Amino acid sequence: MSSAETKKQKRPAPFSIRLSADERAYLERKAGNRPLGGYIRGKLLGDEKAPRKATRAPAIDYAMLGQVLGVLGKSELATHLCLLAAAAEAGRLELAEQDRAALKDACEDVRVVRALLVSALGLKSGSGS
């Protein structure tokens, strides 16, 4: 053995355990945003309260995001809100100034939600955003 090899300690082989899909899902829910391995280690060894550096990123459900974007598009919510705002501005719909401002804010909120969904899905924005 060379001196470099003696300085490095050989790490023990990782311990693996088979879990059913239900068991793993349960543990992932219990772990929250902590890494699953760290959560299990903490439960087994009792060092749960030790500071955690890494957190698990939430899983992105692209299918669900796509469905939300589809429902938003089909509902034509943004279009209807904009029509109401335009009618209020033209005087065809009587609204207090505060209500007009709220309607404009709602239109902008829908635009923002759409843009965020498009971005989360990695799509390019079509028109309007």
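The following paragraphs examine the structure supplied in this document. (Residues numbered from 1 in each chain as written. Predicted model: local features only at pLDDT ≥ 70, side-chain atom pairs only at ≥ 80, totals over all residues. Heavy atoms only, no water.)

## Looking at the layout of surface pockets
- The volume enclosed by the largest pocket comes to roughly 520 Å³.
- Going through the elements one at a time, helix H2 (21-31) and helix H3 (36-45) are the ones with two or more residues in the lining of the largest pocket.
- It is H3 that contributes the most residues to the lining of the largest pocket, 7 residues altogether.
- A breakdown of the residues in the lining of the largest pocket according to their chemical character gives 9 nonpolar, 2 polar and 4 charged. (1 Å grid on protein atoms, 1.4 Å probe; cavity = no way out; pocket = protein on both sides within 12 Å on 5 of 7 lines; lining within 4 Å. Points joined across faces, edges and corners; volume = space filled by probe spheres on them. Helix = DSSP H or I, 4+ residues; strand = E, 2+ residues; numbered from the N terminus. Nonpolar A, V, L, I, M, F, W, Y, C, P; charged D, E, K, R; others polar.)

## Some words on H3
- Of the positions making up H3, those classed as buried are Leu-36, Gly-38, Tyr-39 and Gly-42. Down the axis, H3 shows its buried residues gathered within 165 degrees of arc, on one side only. Exposed residues on H3 whose side chains face more than 90 degrees from its buried face are Leu-44 and Leu-45.
- Buried residues in H3 make contact with H2.
- In the segment just after H3, Gly-46 is the residue with positive phi, at about 75 degrees. (Buried < 20%, exposed > 50% of the residue type's maximum accessible area, 1.4 Å probe, protein only. Arc of directions from axis to C-beta. Contact = heavy atoms within 4.5 Å.)

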